[in-house]
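The chain contents come next:
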Amino acid sequence: MTNISKEAKIEMLKKLIEIRRFEEKTVQLYQTAKIWGYLHPSLGQEAIAVGACSAITGDDYIVSTHRGHGHCIAKGANLNLMMAELLGKATGYCKGRGGSMHIADTELKMLGANGIVGGGIPISVGAGFSCKMDGNGKVVICFFGDGASNNGVFHESLNMASVFKLPVIYICENNLYAISMCSRESVACKNVGDRASSYGMPGYIIDGNDLTEVYETVKKAADDARKGNGPSLIEAQTYRWGGHHPNDPGAYKDKEEADYYKKEKDPVVNFKKKLMAEGIITDRDIDKFEDEIKKMIDDSVKFAEESPEPELDKFLEEVKQI
Amino acid sequence: MREIEYREAIREAVIEEMDSDEKVFLIGEDIGVYGGAFRAYKGLIDKYGPERVINTPISEAAIIGAGIGAALTGYRPIAEIMFIDFTTLTMDQIVNQAAKIRYMTGDSLNVPLVIRTQGGAGRGVAAQHSQSLEAWFYHVPGLKVVMPATSYDVKGLLKTAIRDDNPVMFIEHKMIYLNKGPVPEEEYTIPFGKADIKREGEDVTIFAYSNMVFKSLEAAGELQKDGISCEIIDPRTLVPLDIEAIISSVKKTGRLVVVSEACRRGSVASDISAMVTEEAFDFLDAPIKIVAGLNTPIPYNSTLEQASIPHAADIVKAVKEIVKK
Ligand SMILES: Cc1ncc(C[n+]2csc(CCOP(=O)(O)OP(=O)(O)O)c2C)c(N)n1
Ligand SMILES: [Mg+2]
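Described in the following lines is the structure provided in the data block. Because the structure is a prediction, the values reported are computed rather than measured.

Thresholds, definitions, all that
Residues numbered from 1 in each chain as written. Chains lettered and ligands numbered in written order. Predicted model: local features only at pLDDT ≥ 70, side-chain atom pairs only at ≥ 80, totals over all residues. Heavy atoms only, no water. Disulfide = S-S within 2.5 Å. Buried < 20%, exposed > 50% of the residue type's maximum accessible area, 1.4 Å probe, protein only. Near = heavy atom within 4 Å. Polar contact = N/O pair within 3.5 Å; in protein donor to acceptor, adjacent residues only side chain to side chain. Areas by Shrake-Rupley, 256 points an atom, 1.4 Å probe, with all protein chains shown as cover. 1 Å grid on protein atoms, 1.4 Å probe; cavity = no way out; pocket = protein on both sides within 12 Å on 5 of 7 lines; lining within 4 Å. Sits in = over half its atoms within 2 Å of the grid points. Helix = DSSP H or I, 4+ residues; strand = E, 2+ residues; numbered from the N terminus. Contact = heavy atoms within 4.5 Å. Donors = N, O, S within 2.8 Å, 3.2 Å for Na, K, Ca; no water. Core = buried A, V, L, I, M, F, W, Y, C linked by side-chain atoms within 4.5 Å. Buried area = accessible area lost by both parts, 1.4 Å probe. Salt bridge = Lys/Arg side-chain N within 4 Å of Asp/Glu carboxyl O. Nonpolar A, V, L, I, M, F, W, Y, C, P; charged D, E, K, R; others polar. Pairing = 2+ DSSP bridges. Axes fitted to C-alpha atoms, helices over the stretch in contact; angles between N-to-C directions. Expected span 1.5 Å × (residues − 1). Parallel < 35°, antiparallel > 145°, perpendicular 65-115°, else oblique. Left-handed = near helix turned anticlockwise from the far one by under 90°. Points joined across faces, edges and corners; volume = space filled by probe spheres on them.

## Things to note about the state of the cysteines
Residue and element names in this part refer to chain A.
- Scanning all chains against the criterion turns up 0 disulfides over all chains.
- As a non-bridged cysteine, Cys142 has Cys172 as the owner of its nearest cysteine sulfur, 10 Å distant.
- Relative accessible area serves as the criterion here: at 0%, Cys142 is assigned to the buried category.

Following this line, the structure appears as structure tokens:
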């Protein structure tokens, strides 16, 4: 990370805070029933989204998951449009049709969150083919969870991406849980990253709570992909701070482990400390960022609340075309 | 009679069958300490241990395949697919394997497998978690399709499903797990292919299953105020289907409204309508009405979500279009 500008580091820190505060707000809104359905916050996993999306360009694609708010924000999503979607409003990214699990945007090159675990992994193969056929050096990041890596589609997709040397970076966010199932019990080999060798691609097992490590690893994988060397698999080890969703108390999780991750491995706090130690920012700067971000998030809630609901008549007309 | 929740009735059926037949076991995602996504298996991991309550990785095709393989070799698995929307990942195992093995092998092998799953809209969980896909399984020869509405029905039918020597799609509805209904203390089973008259009436027959039974009951209550008497037939199992019960009700009332949460195109409702038209046309005093979900992926926004599935008011309207009083 030595060759990263001070400005870029500050941008990354801001993104981390933005995701953290956004997720905190969505949980609040869920508890007051402004957001409903399913909501899967990415609290504790922010460094993966930010590190990965900062290591690629705006023209590269990402494929996301049901726990995708962080990916969207890291890729530059507009908080107003995200919040409006979570509130089911006509102004939201999906016109209120999708909600938390389905946010997508063509301009952001964000090919969609997904309600189906692993549903995005094969899609990344096709996006990889497009990039390869276009021959313009673009790459695809495919995010998925430890749980998803046990589904058949993971194995088919990584094999195919490797056979055709597609420019895809597979990032497994191993947050130790798939709902109540601990990945220590669900993954047959020691690490998800070990699976890379079965598909003839490089495998990396990294600390997903360390933004720098994520950034550098993804950068390397992206460089390889752009050079035509094919895909990589990165297992970014992290921790799901909450339950599977806000209504799940996560009683099956080990309390000491949960405390450890929150106290010692907080990706936002640790990156903040690092930048302070490097003399790049001060407490005053942090306060300023927090204020700016709070305002952005409050504004997004206001925007969403004041936005119109989708029109029923229009919906009934549109249905006739389906 | 005591009243228990739908999910509790499921749990009771499972416990009774696991206690009486050591070959019955459970397999699926988050069915261990978590007790299943709707908590129907609460505490079963403690009662039966991890050998009979097999908590799996997220591997739907392998869950069904494992169920089939164990069924072929002497066990009676109950495999769970958390949402019917995820059966999409298991279709080879269900459609090409489970449904056909017995027939293809000249009855040499059989597959005593229950696939428990749930569908339906109403919880704001959008297009990939709200579908009603029963028509897919109804369409495939070799599968039984069970869709119980009440606590009483779910318990008696699940026990029958577990004892059945062939694959059964056991489809619940996410909006009714907490509904309470009367269930006797003593043991009982309910045979497949036997409809239940959920309400007797004279003027119109309403065919409804799963959560639509409750919407129909609500509609019938409304219509009663206008002097219209509805008979509600709940088939409980779509395959085998108690077509006689429907026909004999239609012979009495001369009118039929078929209700289905699933979208209409290619639906079970359309097929019921075709069968009644063929077999009881002379007894019909008015065209058959179908009240079905709209042909749309289920939207997240709750106004749109609600608009995409039938409600009591839609059933009332349809009845009034064919019953003039
Ligand atoms: C195919 C499929 N199976 C099961 C589910 C239900 N489900 C939703 S999220 C989830 C856990 C996913 O775990 P993981 O991939 O580790 O992602 P995480 O939730 O930890 O971000 C499960 C089982 C689903 N949505 N899709
Ligand atoms: Mg996980």
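## A look at the site of ligand 1
- Not every one of the 21 residues close to ligand 1 is listed here, only the nearest: A:His66, A:Arg67, A:Asn175, A:Tyr177 and B:Glu60.
- In this structure, ligand 1 sits where chains A and B come together, each supplying nearby residues.
- B:Glu60 is positioned with one of its side-chain polar atoms (N or O) 2.5 Å from a nitrogen atom of ligand 1.
- Burial of ligand 1 by the surrounding chains reaches 96%, relative to a free accessible area of 580 Å².
- Given that more than half its atoms are within 2 Å of the pocket grid, ligand 1 belongs to the largest pocket.

## A short note on the side chain of B:Glu305
- By the secondary structure assignment, B:Glu305 is in helix α11 (residues 302-307).
- Among the polar contacts listed, one links the side chain of B:Glu305 to the backbone nitrogen of B:Gly122, at a separation of 2.7 Å.
- Not counting residues within four places of it along the chain, the set of residues in contact with B:Glu305 comprises A:Trp36, B:Ala121, B:Gly122, B:Arg123, B:Gly124, B:Val125, B:Ser130, B:Ile298, B:Pro299 and B:Tyr300.

## Focus on the coordination of the magnesium ion (ligand 2)
Residue and element names in this part refer to chain A.
- Donor atoms from the polypeptide that coordinate the magnesium ion (ligand 2) comprise Asp146 (OD), Asn175 (OD1) and Tyr177 (O), at 2.0 to 2.1 Å from the metal.
- Positions of the donor residues of the magnesium ion (ligand 2) along the chain correspond to the pattern D-x28-N-x1-Y. A single burial state applies to Asn175 and to Tyr177, both of which are buried.

## Looking at the environment of A:Ile205
- Positionally, A:Ile205 belongs in strand β6 (residues 203-207).
- When the C-alpha positions of A:Ile205 and A:Ile116 are compared, they lie 25 Å apart, and in sequence the two are 89 residues distant.

## Concerning the nonpolar core
- By size, the foremost hydrophobic cluster in this structure holds 104 residues, and its most contacted members are B:Val14, B:Leu26, B:Phe137, B:Phe207, B:Ile246, B:Ile272 and B:Val276.
- If we ignore the near neighbours within four places in the chain, the residues touching B:Phe207 are B:Ile233, B:Pro235, B:Leu238, B:Leu241, B:Ile246, B:Leu256, B:Val257, B:Val258, B:Val259 and B:Ile272.

## Regarding the interface of chain A and chain B
- In this complex, chain A contributes 39 residues to the contact, which on the side of chain B involves 36 residues.
- Summed over both sides, the interface between chain A and chain B buries roughly 2,900 Å², with carbon and sulfur atoms accounting for 64% of that surface.
- At the boundary of chain A with chain B, the tally comes to 0 salt bridges.
- One can count 13 residue pairs in polar contact (both at pLDDT 80 or more) joining chain A with chain B.
- Elements supplying a minimum of two residues to the side of chain A that touches chain B: α4 (79-86) and α12 (312-319) of chain A.
- The element best represented in the side of chain A that touches chain B is α12(A), accounting for 4 residues.
- Here the side of chain A that touches chain B is composed, by residue class, of 20 nonpolar, 14 polar and 5 charged.

## Some thoughts on the side chain of B:Glu172
- You can see B:Glu172 is positioned in strand β7 (residues 168-173).
- Apart from residues no more than four positions distant in its own chain, B:Glu172 is found in contact with B:Tyr6, B:Ile10, B:Arg116, B:Thr117, B:Gln118, B:Gly119 and B:Tyr177.

## Section: the sheet that holds strand β2 (residues 24-28) of chain B
All names here are of chain B.
- Here 7 strands make up an open sheet; going across it, the order is β3-β2-β4-β5-β7-β6-β12 and the pairing mixed. The outermost strands of the open sheet, each flanked by one partner alone, are β3 (53-55) and β12 (237-239). When strand polarity is set aside, the average angle formed by the axes of neighbouring strands in this sheet is 20°.
- Here β2 runs beside β3; their pairing, made up of 3 bridges, is parallel. By the bridge assignment for β3, Leu26 is matched with Val53.
- Against the sheet, helix α7 (residues 151-163) touches β2, β4 (76-81), β5 (114-119), β6 (144-146), β7 and β12, its axis set at about 160° to β7.

## Details of α7(B)
Residue and element names in this part refer to chain B.
- The end-to-end C-alpha distance of α7, which contains 13 residues, comes to 19 Å, matching closely the 18 Å that a straight helix rising 1.5 Å per residue would cover.
- Here α7 lies mainly inside the structure; 11 of its 13 residues are buried.
- Restricting attention to buried positions, one finds in α7 the residues Ser151, Asp153, Val154, Lys155, Gly156, Leu157, Leu158, Lys159, Thr160, Ala161 and Ile162.

## Considerations on the packing of α4(A) against helix α11 (residues 283-306) of chain A
Residues and elements named next belong to chain A.
- With their axes 8 Å apart at the nearest point, α4 and α11 run at an angle of 50° to one another. Between α4 and α11, the crossing angle belongs to the class labelled oblique. In this structure, α4 crosses over α11, and the sense of that crossing is right-handed. Side by side, α4 and α11 meet where Leu79, Asn80, Leu81, Met83 and Ala84 of the first sit next to Met296, Ile297, Asp299, Ser300, Val301, Phe303 and Ala304 of the second.
- Residue composition of the contact of α4 with α11, grouped by class: 9 nonpolar, 2 polar and 1 charged.

## Considerations on the layout of surface pockets
- Approximately 1,000 Å³ is the volume attributed to the largest pocket.
- If you trace the largest pocket, you find 50 residues lining it, with A:Tyr38, A:Ile179, A:His244, A:His245 and B:Tyr34 closest to the centre.
- Among the secondary structure elements, those contributing two or more residues to the lining of the largest pocket are β2 (140-145) and β4 (177-178) of chain A.
- Classifying every residue of the lining of the largest pocket by side-chain character gives 24 nonpolar, 16 polar and 10 charged.

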